[in-house]
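# Close look at the chain arrangement
If you want the building blocks of each chain, they are given just below.
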Amino acid sequence: MPLSNDNLIDKKSVLLISHNFSPEPTGIGKYNGEMMDWLAENGYDCTVITTFPYYPYWKVQAPYKKGRFWFKKEVINYHSKNTSITIHRCPSYVPLNPSGKKRIIQDFSFWTSMFWKILKLMITKQKFDLIITIAPPFHLAYLGLMLKKRNGSKLLYHVQDLQIDAAQELNMLSGKRFFDRIYKIEKDIITKANYVSSISDGMISKIKAKVNRDIFFFPNWVDTTYFYPLMSREKIKTNWGYREDDIIFLYSGAIGEKQGLGAILSAAESNLNRREIQFIICGSGPYKEKLMQITESKKLTNVKFFPVQDKELFNEFLNMADYHLVLQKGNASDLVMPSKLTTILAVGGVAIVTTPPGTSLFNLVSKHDLGFLIEPENHKVLSTLIQNIKIDSSYETKRENARNYATKYLNINSVMNNFLGHVFQA
């Protein structure tokens, strides 16, 4: 449970080890930053070992770019709580066009630079009540295990993305002996960690199939007071250069291999004769340039590309869309859980989701009637759905269901308090 200011003598310390952290605006870095901020606000002293912010742009961002080749320490003080977050940023190779092999080099370079910070903590015998390592990359957990063994801390191995499985299923890397070896390393980590958690039932089942042990549910959350439905959405569209009667289909998120975003361009091409149907692809990633080239070559005038939006504008931007595209390839199902969905639900967004039956994502959307479900990588089905879709009473019901689900299940206070119950049990 959160610690009160009257009981600060018993306040606990938490160490996070992860590639990604604030001020990265999306993905794991966003959630890591919000998690540590919440813990500090609730009486915990926090330390973070990370690198310089690079995601989702795949290059180090200002104001960190100049000093990105050496170590940097930052301290954020929470004076009213008598707590702080100490951030150690370590240099790391960041590939501009990340492939499977380049990602391995990146992971190794970060592991190497972080090792010296972990070694210093071991030598000084600094102890933490809890060490959290975030996968991907999975092997950072070995740094946590080293510190746990030396200093007696407890380790949580939290899985945001089944990195190894995804790399194998998407053919990002090859070689049976290579995968056998890293699966063995992953199994050793899962076995030795004090706690293991993940963000969906499907991912938990896949982890349990590797090692039969307790895995607890630690989902991604959303600030439902910051992201919420807005009135007069038709007027909002005009702020972004669209007509009030346009029907906007928005994809906002990482633009990479596992999303299968070529389906959007196929749907746009099939609906070119429908003036009111408009598509937006918002985000950054290694496949954005390729998608832009295809859009230009096919003269898809109903597709526009936007950069990652500032947080101050993001709520309005999401509210502009009539439908939100949550796309992924079929062989990535239950290996990743799209983090973008939490924010979509918070604004009362209606999602069009590509996922096979039986997956966690399929079951969630189906059970709570949060949107439309179609099979992955079937461009014709997506195009037909978009062509025939209507904004009617069932659409408004889905909007209400989405917002209600977010406020009931995805509120950060509920998620974090449940998390504390797992890792700081009496």
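Structure: see above.
What you see is a predicted model; the values in this text were computed from it and never measured.

### Focus: the overall build of the chain
Counting its secondary structure elements, the chain contains 15 helices and 14 strands. Against the 2.2 N^0.38 benchmark of 22 Å for 426 residues, the chain shows a C-alpha radius of gyration of 22 Å, consistent with a compact globule. Looking at the chain alone, contacts between residues at least 24 apart form 72% of all its contacts between residues at least 6 apart. Accessible area of the chain: about 19500 Å², with a carbon and sulfur share of 52%. Counting 54 positive and 39 negative side-chain charges, the chain places the averaged centre of each group 8 Å from the other.

### Description of the packing of helix 1 (residues 27-41) against helix 15 (residues 412-423)
Interhelical geometry of helix 1 versus helix 15 gives an angle of 75 degrees and a closest axis separation of 11 Å. By the criterion of interaxial angle, the relationship of helix 1 to helix 15 is roughly perpendicular. Counted together, Glu34, Met35, Trp38 and Leu39 of helix 1 and Ile412, Asn413, Met416, Asn417 and Leu420 of helix 15 form the full contact between these two elements.

### As for the nonpolar core
Tyr157, Ile280 and Phe317 are the most contacted members of the largest nonpolar core, which has 68 residues in total. Here this core gets five residues from one element, more than from any other, and that element is helix 2 (residues 100-123). Core analysis: the second largest hydrophobic core is formed by 31 residues, Met36, Tyr78, Leu156 and Phe424 among them.

### Brief notes about the packing of aromatic side chains
A complete count under the given rule lists 25 aromatic pairs for this structure. The interplanar angle of 80 degrees and the centroid separation of 5.1 Å between the aromatic rings of Trp70 and Phe71 together place this pair among those described as edge-to-face. Both rings, one in Phe216 and one in Phe419, keep their centres 6.4 Å apart while their planes meet at 45 degrees; by these two values the pair is tilted. With Phe216 in strand 8 (residues 216-217) and Phe419 in helix 15, this residue pair connects regions lying 203 residues apart in the sequence. Like Phe216, the residue Phe419 is buried in the burial classification. Taken together through their ring pairs, the aromatic side chains of Tyr226, Phe227, Trp240, Phe306, Phe314 and Phe317 make up a single cluster. Its guanidinium or amino end placed over the ring of Tyr31, Lys30 lies 4.3 Å from that ring's centre, counting from NZ or CZ. The ring of Tyr242 is capped by Lys304, whose NZ or CZ atom sits 4.8 Å from the centre of that ring.

### Quick look at the sheet that holds strand 13 (residues 351-354)
In spatial order, the strands read 11-10-9-12-13-14; together these six strands make up an open sheet with parallel pairing. Across the chains shown, the open sheet's two edge strands, defined by having one partner strand only, are strand 11 (303-306) and strand 14 (371-374). Direction aside, neighbouring strands of the sheet carry axes that sit 25 degrees apart on average. Note that strand 9 (residues 247-252) and strand 10 (residues 277-282) share six bridges and pair parallel.

### Notes on the side chain of Gln278
Its place among the elements puts Gln278 in strand 10. Only 2.8 Å separates the side chain of Gln278 from the backbone oxygen of Arg275, close enough to count as a polar contact. When residues no more than four places from it in sequence are discounted, the contact partners of Gln278 are Tyr242, Asp246, Ile247, Ile248, Phe249, Thr301 and Asn302.

### Observations concerning the layout of surface pockets
In this structure, the second largest pocket encloses a volume near 510 Å³. Surrounding the second largest pocket, 23 residues form its lining, Ile199, Phe217, Met337, Leu364 and Tyr405 being those nearest its centre. Taken together, the residues of the lining of the second largest pocket sort by class into 12 nonpolar, nine polar and two charged.

### Focus on the environment of Ser232
By the element assignment, Ser232 lies in the loop between strand 8 and helix 7 (233-239). Here Ser232 falls in the partly exposed class, since its relative accessible area comes to 46%. Separated by 27 residues in sequence, Ser232 and Ser205 have C-alpha atoms that sit 42 Å apart.

### With respect to the pattern of salt bridges
Tallied over the full model, the rule gives 15 salt bridges. The residue Asp165 makes a salt bridge to Lys210 at a minimum N-O spacing of 2.7 Å. Of the two residues, Asp165 is situated in helix 4 (residues 163-169) and Lys210 in helix 6 (residues 201-210); the sequence distance between them amounts to 45 residues. Exposure remark for Asp165: the relative accessible area of 12% places this residue in the buried category. Linking Lys237 and Asp322 is a salt bridge whose minimum nitrogen-to-oxygen distance equals 2.7 Å. Linking Lys237 in helix 7 with Asp322 in the loop between helix 10 (311-320) and strand 12 (323-326), this pair joins segments that are 85 residues apart in sequence. A residue is classified by how much of its surface remains accessible, and Asp322, at 4% relative accessible area, is buried.

### Things to note about the packing of helix 2 against helix 3 (residues 141-151)
Look at helix 2 against helix 3: their axes get within 10 Å of each other, and the N-to-C directions meet at 10 degrees. On the basis of their axis angle, the class for helix 2 and helix 3 is roughly parallel. In this structure, helix 2 uses Trp111, Met114, Phe115, Ile118, Leu121 and Met122 to contact helix 3, whose residues at the interface are Tyr142, Leu143, Met146, Leu147, Arg150 and Asn151.

### Points about empty space enclosed by the protein
Throughout the structure, instances matching the rule amount to two cavities of 30 Å³ or more. Estimated volume of the largest cavity: approximately 60 Å³. What lines the largest cavity is simply Tyr31, Asn32, Met35, Ile132, Ile134, His158, Gln160, Phe218, Pro219, Asn220 and Trp221. Contributions of two or more residues to the lining of the largest cavity are made by helix 1 and strand 5 (130-135). Grouping the amino acids of the lining of the largest cavity by side-chain chemistry returns seven nonpolar, four polar and no charged. In this structure, the second largest cavity occupies an estimated 30 Å³ of space. The wall of the second largest cavity is formed by Ala135, Phe138, Tyr157, Val159, Asp161, Leu162, Gln163, Ile164 and Glu186. Counting residues per element, the ones that place at least two in the lining of the second largest cavity are strand 6 (154-159) and helix 4.

Conventions we followed
- Residues numbered from 1 in each chain as written.
- Predicted model: local features only at pLDDT ≥ 70, side-chain atom pairs only at ≥ 80, totals over all residues.
- Heavy atoms only, no water.
- Helix = DSSP H or I, 4+ residues; strand = E, 2+ residues; numbered from the N terminus.
- Rg over C-alpha atoms; globule rule 2.2 N^0.38 Å.
- Contact = heavy atoms within 4.5 Å.
- Areas by Shrake-Rupley, 256 points an atom, 1.4 Å probe, with all protein chains shown as cover.
- Lys, Arg positive; Asp, Glu negative; His and termini not counted.
- Charge placed at Lys NZ, Arg CZ, Asp CG, Glu CD.
- Axes fitted to C-alpha atoms, helices over the stretch in contact; angles between N-to-C directions.
- Parallel < 35°, antiparallel > 145°, perpendicular 65-115°, else oblique.
- Core = buried A, V, L, I, M, F, W, Y, C linked by side-chain atoms within 4.5 Å.
- Buried < 20%, exposed > 50% of the residue type's maximum accessible area, 1.4 Å probe, protein only.
- Phe/Tyr/Trp six-rings, centres within 6.5 Å; stacked < 30°, edge-to-face > 60°.
- Lys NZ or Arg CZ within 6 Å of the ring centre and 35° of its normal.
- Pairing = 2+ DSSP bridges.
- Polar contact = N/O pair within 3.5 Å; in protein donor to acceptor, adjacent residues only side chain to side chain.
- 1 Å grid on protein atoms, 1.4 Å probe; cavity = no way out; pocket = protein on both sides within 12 Å on 5 of 7 lines; lining within 4 Å.
- Points joined across faces, edges and corners; volume = space filled by probe spheres on them.
- Nonpolar A, V, L, I, M, F, W, Y, C, P; charged D, E, K, R; others polar.
- Salt bridge = Lys/Arg side-chain N within 4 Å of Asp/Glu carboxyl O.

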